[in-house]
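Residue-level structural notes
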Amino acid sequence: MKLEVLGSSGSITTPRPLCFCKICTEARKKGSPYSRLGPSVFVHGPDILIDTPEEISVELNRSSVKRISICLFSHWHPDHIAGKRIFEINKHWGRIPGKNKTTQILLPEKIAESFRSSMAIMEHLEFLEAEGLVEIQIIKDDETFSVNGYTIKPVRLFFDFVFGYEIGDSTKKILIIMDEIKHWIPDPEISATDYDLVYLPFGIFAENPLTGRALVDSDNPILKNEHTTAETINIVRKLKSRQFVLGHIEEPDRINPQLAKKLSAYFSKETGKKIRIAYDGMMVPS
Ligand SMILES: [Zn+2]
Ligand SMILES: [Zn+2]
């Protein structure tokens, strides 16, 4: 298996449109790895796409993805689903019935439920299904599903509308969590698993451990629901994996490649684990 980071930003891309700060100006000039588009990853092997941000068509065009066997979603938030129209690429433009390609979308029950109650997401997916462009399959929240000889197991986090996914075969196992790990405590089974790769959200960069400087006031309401980088690192400490990659990096956190490198070295040394910061186009063999 190989993980390709299609987009390493969170809800705010780098550059952020109409922002002319130093980070955004440099990103606009140099592109990736300075720039970051919306959160999405692809797992080569089982050929699984996880999440479809607005920029997913750009991300797929610049990627090495050749086919998508299955699409999974982490949760209903717009930065993860706003590009689901991407499946119109399956349309046969000669409009010959039955000639469309179809992408399978796998939804744990709880995600399907939140898609029905949020922003007409399910209505849009069902529209695509009626066009024959996707096939929606709803599975139980703890149901394991097989694809191309690999198993996919949904992993419930603290908030019940968000899922991570454990993907593996008989030799390798990876864990991918795109966002929303606030208050999550890995259960004993997950803590005991030896992963080959764990992908986690970087979190709000509330304090720079290299300088000790607080970057977000402690009474900032964002810290009530959003996890911080320090909280992500605490989760890293609780998991066993050959390597950790941290994505979902927001523009206001101002993480350029130079700072990312320094932080990777710092966090790896501090935890004794191999930790890297994601960038767009990053390839991670497991
Ligand atoms: Zn997000
Ligand atoms: Zn900016």
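Structure: above.
Before going into details, it helps to say that this report is about the structure given with it. Keep in mind the model is a prediction, meaning the values are calculated, not measured. (Residues numbered from 1 in each chain as written. Chains lettered and ligands numbered in written order. Predicted model: local features only at pLDDT ≥ 70, side-chain atom pairs only at ≥ 80, totals over all residues. Heavy atoms only, no water.)

What follows covers the sheet that holds strand E5 (residues 103–108). Reading across from one edge, E6-E5-E4-E3-E2-E1-E18 is the order of the seven strands in this open sheet, with mixed pairing throughout. Of all the strands in the sheet, just strand E6 (134–139) and strand E18 (283–285) have a single pairing partner and so form its edges. On average, each strand axis in the sheet is tilted by 25° relative to the strand beside it, whichever way the strands run. As defined by bridge partners, strand E1 (residues 2–7) adjoins E18 across three bridges and the pair is classed as antiparallel. Across the sheet, residue Lys-2 finds its bridge partner in E18, namely Pro-285. (Pairing = 2+ DSSP bridges. Helix = DSSP H or I, 4+ residues; strand = E, 2+ residues; numbered from the N terminus. Axes fitted to C-alpha atoms, helices over the stretch in contact; angles between N-to-C directions.)

If you add up the space inside the largest pocket, you get close to 310 Å³. In terms of lining residues, the largest pocket is bounded by 14 residues, among which Phe-205, Leu-215, Pro-252, Asp-253 and Arg-254 are the most central. Considered class by class, the residues forming the lining of the largest pocket number eight nonpolar, two polar and four charged. Along its surface, the second largest pocket is lined by 13 residues, and Leu-60, Lys-66, Arg-67, Ile-68 and Ile-89 are the ones closest to its centre. (1 Å grid on protein atoms, 1.4 Å probe; cavity = no way out; pocket = protein on both sides within 12 Å on 5 of 7 lines; lining within 4 Å. Points joined across faces, edges and corners; volume = space filled by probe spheres on them. Nonpolar A, V, L, I, M, F, W, Y, C, P; charged D, E, K, R; others polar.)

Here we take up helix H5 (residues 121–130). For H5, the complete set of buried residues consists of Ile-121, Met-122, Leu-125 and Leu-128. Viewed along the axis of H5, the buried residues span an arc of 120°, placing them on a single side of the element. Of the residues in H5, the exposed ones pointing more than 90 degrees away from the buried face are Glu-123 and Ala-130. Of the surrounding elements, those touching the buried residues of H5 are helix H3 (78–81), E5, helix H4 (109–117) and E6. Positioned one or two residues after H5, Gly-132 has a phi angle of 80°, which is positive. (Buried < 20%, exposed > 50% of the residue type's maximum accessible area, 1.4 Å probe, protein only. Arc of directions from axis to C-beta. Contact = heavy atoms within 4.5 Å.)

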